Amino acid sequence: MLLGCIGDDFTGSSDLGNTLAKEGMRTVVYSGVPQTGAEPEVEAGVVALKSRTIPVKEAVSQSLAALEWLQAQGCTQFLFKYCSTFDSTPEGNIGPVAEALADRLSARGVIVCPAFPGTGRSVYQGHLFVGDRLLNQSGMESHPLTPMTDADLRRWLGPQTKLAVGHVPSATVFQGADAIRQALLAAEEPLLVVDAIRDEDLYAIGAAASEQPLLTGGSGIAMGLPANFRSKGLIGDAGLTWRGEQGPCAILSGSCSQATRRQIAHHKTRYPTMEVPAESVMSGEVTAETVASWILATTDLPLAYTSADPGTVAAAQDQFGREAVATRIEGLFAETAQLLCDRGLNRLIAAGGETSGAVVEGLGLSTMEIGPEIDPGVPAMRATGRPLTFALKSGNFGGDDFFEKAAGVLS
């Protein structure tokens, strides 16, 4: 294994796997830190954690354990993958994890770049944009777990870490890989927010980072990395093989992002849907058996979702507590996925990072193979050794018709 990656959630890890596979690396996504070694043909390994919103100490501990496993597989470069909307709080977890990894690897000039132009995320003058809006005006300011209220990545990251945060501006990035490399070497700050507004910028950043032990960012930052290994004769061009599954398909959504809300509204016009109110889950009125039975009795791509209205979610959090609501809903989706697959379902779509993580854990998936891209940032996936294809969609990703499109690619 050459490139070792640590993802702070499951959708982001599948997104990263998609990027690396498209660039020709043999890539496998692992659910949590594996207990055994990787297969020898794996060139890039992505350890998918569920560490985005857990306590800082736990996130750091899990990330360092993933690093140790990846080092044991022979990796020579490491990537800490987080969301392209930089989902975090003033306490973490991006800053503390990046700091711990940098310390363990004695890394300086560590790139911080969540840009992903293919999904409208760009970094300019150190600020993160979603489309033509600053991050804190994009809807992310209302995120129930990680409300993003400042688009200045330096200012948002600063309180999370003891390390100084610098900046490599677009004027340098536009000059290409050599100029970026010199900026990384010359910088006094251990962490460097790097501007990127185009795919060309990300390829240049990747080329500049060929000797960097550690990078951090969204999946876009990985676009230029495989070419570095290829230029050294360490990898070839891995072809993508894919085999879908026929049979029933269902959708589980726990996201209230704007993109997913549009997708749910679109899906309602054509297919059966079931809303699962948070208060009904908390009271025990709705259980995993309730949801699974409804899905299995319903044809034509059924969708079960928690409230798509952020205000409704916030009200339930105020009543029952944020962590209690999140834990119960994730548990509901994990058990529902398990019941569905035990009863013959072999295509599954999960929307939302926390929901996707719960589904993967509920199904006990340990290794996942990357298939064709459904929409930018979202690949089809296959459970190794099982007749199950699935998609893990970040709440913010995908077109309005994503669910229908995904079901087709999974078949």
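Up top you'll find the structure we're talking about.
Figured I'd write up the structure that's included with this text. Worth saying up front: this structure is predicted, and the values here are computed from it rather than measured. (Residues numbered from 1 in each chain as written. Predicted model: local features only at pLDDT ≥ 70, side-chain atom pairs only at ≥ 80, totals over all residues. Heavy atoms only, no water.)

### A closer look at the overall build of the protein
Counting its secondary structure elements, the protein contains 15 helices and 18 strands. For a compact globule of 411 residues, the expected C-alpha radius of gyration is about 22 Å, and the protein comes in at 20 Å, within 12% of that figure. When the backbone C-alpha atoms are referred to their principal axes, the protein occupies close to 60 × 45 × 35 Å. For the protein, buried positions account for 59% of its 411 residues. Surface accessibility of the protein: about 15,300 Å² in total, with carbon and sulfur atoms responsible for 49%. (Helix = DSSP H or I, 4+ residues; strand = E, 2+ residues; numbered from the N terminus. Rg over C-alpha atoms; globule rule 2.2 N^0.38 Å. Buried < 20%, exposed > 50% of the residue type's maximum accessible area, 1.4 Å probe, protein only. Areas by Shrake-Rupley, 256 points an atom, 1.4 Å probe, with all protein chains shown as cover.)

### Details of the packing of helix 6 (residues 177-186) against helix 7 (residues 199-208)
Contact geometry for helix 6 and helix 7: axes closest at 8 Å, N-to-C directions at 55 degrees. Taken together, the axes of helix 6 and helix 7 are oblique relative to one another. Crossing of helix 6 against helix 7: the hand is right-handed. Residue-level inspection shows Ala177, Ile180, Arg181 and Leu184 of helix 6 in contact with helix 7, the latter providing Ala204, Ile205, Ala207 and Ala208. (Axes fitted to C-alpha atoms, helices over the stretch in contact; angles between N-to-C directions. Parallel < 35°, antiparallel > 145°, perpendicular 65-115°, else oblique. Left-handed = near helix turned anticlockwise from the far one by under 90°. Contact = heavy atoms within 4.5 Å.)

### Quick look at the environment of Gly206
Along the chain, Gly206 falls in helix 7. Judged by relative accessible area, which is 0%, Gly206 ranks as buried. In this structure the C-alpha to C-alpha distance between Gly206 and Ile251, which are 45 residues apart in sequence, comes to 35 Å. Non-local contacts of Gly206, meaning those with residues more than four positions away in its chain, are made with Gly224, Leu225 and Asn228.

### Regarding the environment of Thr146
Summarising the element assignment, Thr146 is placed in the loop between strand 8 (133-134) and helix 4 (153-157). Judged by relative accessible area, Thr146 falls into the buried class, the value being 1%. Between the C-alpha atoms of Thr146 and Val325, which are 179 residues apart in sequence, the distance is 15 Å. Dropping the residues within four chain positions of it, Thr146 is found in contact with Thr53, Asp87, Ser88, Thr89 and Met140.

### Topic: a negative patch on the surface
Residues Glu275, Glu279, Glu285 and Asp309 make up a contiguous surface patch of negative charge. Residue position: Asp309 is located in the loop between strand 14 (303-306) and helix 12 (310-320). (Patch = residues over 30% accessible without salt bridge, like charges linked within 9 Å, V, L, I, M, F, W, Y side chains within 5 Å. Salt bridge = Lys/Arg side-chain N within 4 Å of Asp/Glu carboxyl O. Lys, Arg positive; Asp, Glu negative; His and termini not counted. Charge placed at Lys NZ, Arg CZ, Asp CG, Glu CD.)

### Here's the deal with the sheet that holds strand 8
Strands in a sheet are paired, the pairing made by backbone hydrogen bonds, and the direction either parallel or antiparallel. Across the sheet, three strands lie side by side as 6-7-8; this open sheet has antiparallel pairing. Every interior strand has two partners, whereas the edge strands, strand 6 (121-124) and strand 8, have only one. Sheet topology places strand 6 next to strand 7 (residues 127-130); four bridges connect them, and they run antiparallel. Paired with Val123 across the two strands is Leu128, which belongs to strand 7. (Pairing = 2+ DSSP bridges.)

### A short note on the pattern of salt bridges
Applying the stated criterion across every chain yields a total of 22 salt bridges. Among the ionic pairs, Lys162 bridges to Glu99, the shortest N-O distance being 2.6 Å. Taken together, the positions of Lys162 in the loop between helix 4 and strand 9 (165-168) and Glu99 in helix 3 (residues 94-105) put the pair 63 residues apart, joining distant regions of the chain. Classification of Lys162 by relative accessible area gives exposed; the value is 74%. Note that Asp178 and Arg181 form a salt bridge whose closest N and O atoms lie 2.8 Å from each other. Here the residue Asp178 and the residue Arg181 both occupy positions in helix 6, the gap between them amounting to three residues, near one helical turn. Members of the salt-bridge network, linked through shared partners, are Asp8, Asp9, Arg52 and Asp87.

### With respect to the environment of Tyr271
Checked against the element boundaries, Tyr271 lands in the loop between helix 9 (258-268) and strand 13 (273-276). Note: C-alpha distance between Tyr271 and Gly32 (239 residues apart in sequence) is 34 Å. Setting aside anything within four residues of it in sequence, one finds Tyr271 in contact with Asp300, Leu301 and Glu404. Here the side chain of Tyr271 touches Glu404 through a polar contact of 2.6 Å, side chain to side chain. (Polar contact = N/O pair within 3.5 Å; in protein donor to acceptor, adjacent residues only side chain to side chain.)

### What about unusual backbone geometry?
With an omega of 20 degrees, the peptide bond running from Gly92 to Asn93 counts as cis. By the element assignment, Asn93 lies in the loop between strand 4 (77-81) and helix 3. In this model, Phe86 sits at a positive phi of 60 degrees, which is unusual for a non-glycine residue. Tracing the sequence through the fold places Phe86 in the loop between strand 4 and helix 3. For Leu301, which is not glycine, the phi torsion reads 60 degrees and is therefore positive. By the element assignment, Leu301 lies in the loop between helix 11 (288-296) and strand 14.

### Looking at a nonpolar patch on the surface
Where nonpolar side chains cluster on the molecular surface, the patch consists of Tyr124, Phe174 and Ile197 and spans about 270 Å² of accessible area. For Phe174, a relative accessible area of 43% gives the class partly exposed.

Taken by themselves, the reported measurements are silent on function.
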